[in-house]
Amino acid sequence: VQLQASGGGLVQAGGSLRLSCTASVDLLMLHTVAWYRQAPGAERDMVASIHISLGTIDYGNAVKGRFTISKDNPQKMVYLQMDNLKPEDTAVYYCGALRLDRSFWGRGTQVTVSS
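So, here is what we can say about the structure in this document.

What counts as what
Residues numbered from 1 in each chain as written. Predicted model: local features only at pLDDT ≥ 70, side-chain atom pairs only at ≥ 80, totals over all residues. Heavy atoms only, no water. Disulfide = S-S within 2.5 Å. Helix = DSSP H or I, 4+ residues; strand = E, 2+ residues; numbered from the N terminus. Buried < 20%, exposed > 50% of the residue type's maximum accessible area, 1.4 Å probe, protein only.

Summed over the entire model, instances satisfying the criterion amount to one disulfide. What pairs with Cys-21 in a disulfide is Cys-95, and their sulfur atoms sit 1.8 Å apart. Measuring handedness by torsion sign, the sulfur bridge of Cys-21 and Cys-95 sits at about -70° and is left-handed. Highlighted residues: Cys-21 in strand E3 (residues 17-23) and Cys-95 in strand E9 (residues 91-99), separated in sequence by 74 residues. Look at Cys-21 and you get buried, because its relative accessible area is 2%. Judged by its relative accessible area of 1%, Cys-95 falls in the buried class.

Printed below as a string of structure tokens:
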């Protein structure tokens, strides 16, 4: 399974970005797809996750009400819509997937929010 994250960039506080995660396999072959982020010197934290079959969604406390995860099965893509961005959202964002008790990661995309 290969994952490719894209859509990062530089945005002012209060702005929006949409990240895309493209999978190399049918999303239905995956159990869960999630977005994580890692700021310099910090641990990697879960931002949002979606169960592919059930559609169950979970968000990290820091982004609830501002970020929205969604999926497009035919396009093999998972999106992260990020609104009302804050400087503390600055991090490298990674797309990860779980399949048959194995985790897969893609290369991250940098999101920088200026104040």
